[in-house]
Amino acid sequence: MNQSEPKPFCISKHAVLEAWERVKANQGAAGIDQESIKDFERKLKNNLYCIWNRMSSGSYLPPPVRTVAIPKAGGGERKLGIPTVADRVAQMVVKRQLEPRIEPLFHPDSYGYRPFKSAHDAVGRARQRCWRYDWVLDLDIKGFFDNIPHDLMMRAVRKHTQEKWVVLYVERWLKAPAQDERGNQTPRNKGTPQGGVISPLLANLFLHYTLDTWMARHYPDTPFERYADDAILHCRTRGEAERLREAIIARLAECGLELNLQKTKIVYCKDDDRRKNHEHEKFTFLGYEFRSRRAKNYRGKYFISFLPAVSDKAAKKIRQEMRGWKLHLRSDKTLSDLARMFNPIIRGWVQYYGRYYRSMLHPIFRHLDRTLVRWACRKYKKLRTHHRRAEHWLRRICQREPKLWVHWEIGVRVTVP
């Protein structure tokens with residue numbers, strides 16, 4: 001096509017530039033071409049022009065998506081798809097065109113990958129509803145991202161846009177093959193790669209019709225929280241939860257999906273006022289474990305409530321990462337150096353897992369303090385054979401500089417038995 005001829009699709013160059021700025025801010029790994037954000041930026045003007053020219057002419061073809069296997073906490077692997085930087089820019093152009101049209105239509109209790117909504121919002125709403133409803137249906141959809149039917153997905157996209165280029169490129173991204181680390185390509189006839197820029201928006205759109213609007217139509221009195229494919233539904237009785245589970249199994253089958261019956265649970269929200277026993281009395285949602293916990297009311301009286309706190313799996317993962325730091329071997333660093341190196345990571349944990357029942361973080365960070373004691377014994381000769389003296393030394397620093405480490409700021413104190 002001659003460059004002077006009009007393009008079949010009207011896509012502004014400014015839209016491509018804004019998409020690049022968003023992609024750059026999000027960072028991310030390289031795709032199959034091994035081109036990083038910095039590599040792409042070296043020839044930025046030419047790269048962005050190529051994307052605009054091909055998308056505007058209808059000739060843009062997405063390259064294969066690089067797949068990386070990520071271990072799951074409960075065993076098995078999750079396939080993460082990593083598009084190239086250029087493809088992420090192209091996806092961002094389409095996302096910015098499509099999102100403003102469909103975002104206002106989404107259910108208020110859909111929280112995943114949405115502006116002005118967060119995982120904390122979902123956990124907080126679930127916490128409130130667990131106080132009012134005795135039972136929870138904890139849903140797990142088997143391989144959701146890998147099994148979305150393309151025909152139903154495209155029907156939903158066409159319903160919300162008249163732009164032919166949006167429909168064209170969404171369909172091409174859905175069909176883009178996956179390429180593993182050995183270079184083997186696998187064609188895709190269903191699903192959307194987890195890790196793509198536009199995948200979360202498409203996933204929300206699909207579940208909006210598959211679950212959210214269906215629940216609003218058939219079960220308007222049953223509240224729920226959904227974060228991507230992770231959903232919690234609140235029921236008054238066990239029988240109601242069992243009937244709802246069977247209805248959802250049938251509904252998902254209509255939409256080409258399947259419920260993971262081994263991981264889907266009916267949970268009893270046990271507390272001081274609910275004294276029955278049930279097979280399942282706890283569930284995990286977005287890294288928080290909901291179960292019976294001791295609480296204190298405004299009069300200072302203790303009682304048992306059903307509350308979220310950092311889950312055992314999340315706590316184990318945090319400890320594993322801290323062990324990987326090998327702090328006790330970093331005797332070339334000062335205590336302040338170590339704090340500067342690792343405080344940003346610790347702050348992220350505290351900000352996320354410390355929102356609810358923060359005291360459950362204290363045992364995790366005491367493990368960190370014990371490691372710092374080992375570090376002190378290795379670094380200073382006078383403490384080398386005096387573990388208790390090293391504990392007292394660290395405790396004095398904690399008292400003198402309580403803001404040196406982030407976990408000291410939230411009330412974790414070095415304790416000496």
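So, how was this worked out
Along each chain, the written sequence defines residue order, and numbers are assigned to residues from 1. In keeping with the predicted nature of the model, local features appear solely for residues at pLDDT of at least 70, side-chain atom pairs appear and are counted solely at 80 or more, and the whole-chain, interface and lining totals rest on all residues. Working from all heavy atoms in the structure, the side-chain values ignore hydrogens and water. Only DSSP runs of H or I with at least four residues qualify as helices, and only runs of E with at least two residues qualify as strands; both kinds are numbered from the N terminus onward. Exposure classes here rest on a 1.4 Å probe applied to the protein chains alone. A residue is buried below 20% of its type maximum, exposed above 50%, and partly exposed in between. By the criterion applied in these results, polar contacts are pairs of N or O atoms within 3.5 Å in which, for protein atoms, one can donate a hydrogen and the other can accept it, and in which residues neighboring in sequence qualify only through two side-chain atoms. Note on contacts: a residue pair is in contact if any heavy atoms of the two residues lie within 4.5 Å. Cavity and pocket criteria rest on a 1 Å grid covering protein atoms alone: a 1.4 Å probe that fits but cannot get out defines a cavity, protein on both sides within 12 Å along at least 5 of 7 lines defines an open pocket, and an atom within 4 Å of a point defines a lining residue. Grid points are joined across faces, edges and corners, and a volume is the space filled by probe spheres set on the points. Polarity classes work like this: nonpolar for Ala, Val, Leu, Ile, Met, Phe, Trp, Tyr, Cys and Pro, charged for Asp, Glu, Lys and Arg, and polar for all others, with Gly in that last group. Any two strands with at least two DSSP-identified bridges between them are counted as paired. Throughout, an axis means a line fitted to C-alpha atoms (over the contacting stretch in the case of helices), and angles, computed between N-to-C directions, take values from 0 to 180 degrees. Note on aromatic contacts: the rings of Phe and Tyr and the six-membered ring of Trp form a pair at centre separations within 6.5 Å, being stacked when their planes are under 30 degrees apart, edge-to-face when over 60 apart, and tilted otherwise. Cation placement over rings: the criterion is NZ of Lys or CZ of Arg within 6 Å of the ring centroid and within 35° of the ring normal. Take the buried Ala, Val, Leu, Ile, Met, Phe, Trp, Tyr and Cys residues and link them wherever side-chain atoms come within 4.5 Å; each set so joined is a nonpolar core.

Enquirer: Quick question: what am I supposed to make of the side chain of Arg274 here?
Expert: Within the element layout of this structure, Arg274 appears in the loop between strand 8 (265-268) and strand 9 (283-285). A relative accessible area of 5% means that Arg274 is categorised as buried. A distance of 2.8 Å separates polar atoms of two side chains, one belonging to Arg274 and the other to Asp134. Dropping the residues within four chain positions of it, Arg274 is found in contact with Cys130, Trp131, Arg132, Tyr133, Asp134, Tyr268 and Cys269.

Enquirer: Hey, could you run me through the layout of surface pockets in this one?
Expert: Empty space left among the atoms is revealed by rolling a probe the size of a water molecule over them. Here the second largest pocket defines a volume of roughly 330 Å³. In terms of lining, the second largest pocket is formed by 18 residues, of which the most central are Thr67, Lys79, Asp146, Ala178 and Arg188. Elements supplying a minimum of two residues to the lining of the second largest pocket: strand 2 (77-82), helix 6 (144-147) and strand 4 (178-179). Of the residues forming the lining of the second largest pocket, the biggest block, three residues, is contributed by strand 2. Across the lining of the second largest pocket, the residue classes tally to five nonpolar, eight polar and five charged.

Enquirer: Can you walk me through the sheet that holds strand 10 (residues 288-296) in this structure?
Expert: Think of a sheet as strands paired side by side through backbone hydrogen bonds, with each pair either parallel or antiparallel. Taken together, three strands build an open sheet; the order of strands is 9-10-11 and the sheet is antiparallel. For this open sheet the edge positions go to strand 9 and strand 11 (302-310), each flanked by a neighbour on one side alone. Looking at each pair of strands side by side, their axes are set apart by 50° on average, direction ignored. Looking at chain direction, strand 9 and strand 10 are connected through three bridges and run antiparallel. When the bridges of strand 10 are listed, Phe285 appears paired with Tyr288. On the sheet, helix 5 (residues 119-132) packs against strand 9, strand 10 and strand 11 and is oriented at approximately 155° with respect to strand 11.

Enquirer: I keep staring at the packing of aromatic side chains and nothing clicks. Help me out?
Expert: Given two aromatic rings, their pairing is described by the distance between the two centres and the angle made by the two planes. With the rule as written, the count across this model stands at 20 aromatic pairs. Both rings, one in Trp135 and one in Tyr268, keep their centres 4.8 Å apart while their planes meet at 45°; by these two values the pair is tilted. Of this pair, Trp135 sits in strand 3 (residues 135-140) while Tyr268 sits in strand 8, and the two are 133 residues apart along the sequence. Tyr268 carries the same exposure label as Trp135, and that label is buried. Each member of the aromatic cluster is reached from another via a ring pair, and the members are Tyr288, Tyr352, Tyr353 and Tyr356. Between Lys13 and the ring centre of Trp52, over which it is positioned, the NZ or CZ distance is 4.7 Å. Of note, Arg293 hangs over the ring of Tyr357, and the distance from its end group to the ring centre comes to 5.6 Å.

Enquirer: Would you take a moment to explain the nonpolar core for this structure?
Expert: Counting residues in each nonpolar core, the largest one holds 65 residues, and the members touching the most others are Met55 and Ile248. For this core, the leading source of residues is helix 9 (residues 199-218), giving nine residues. Discounting chain neighbours no more than four positions away, the residues touching Ile248 are Leu137, Leu139, Leu211, Trp214, Leu233 and Leu259. Membership of the second largest hydrophobic core comes to 36 residues, among which are Val310, Val350, Val373 and Val406.

Enquirer: For this particular structure, what's the right way to read the pairing of strand 6 (residues 224-227)?
Expert: Every regular strand shows the same layout, with side chains that alternate between the two sheet faces. Here strand 6 shows two buried faces, one formed by Phe224 and Arg226 and the other by Glu225 and Tyr227. Alignment of strand 6 against strand 7 (residues 230-235), held across four bridges, turns out to be antiparallel. Across the sheet, the residue bridging to Tyr227 is Asp230, located in strand 7. Between the antiparallel neighbours strand 6 and strand 7 lie two residues, among them Ala228 with a positive phi of about 55°.

Enquirer: Please explain the pairing of strand 7 as it appears in this structure.
Expert: When you tally the buried positions in strand 7, you get five out of six residues, the bulk of the element. Looking at chain direction, strand 3 and strand 7 are connected through six bridges and run antiparallel. Among the inter-strand pairings, Leu137 is bridged to a residue of strand 7, identified as Leu233.

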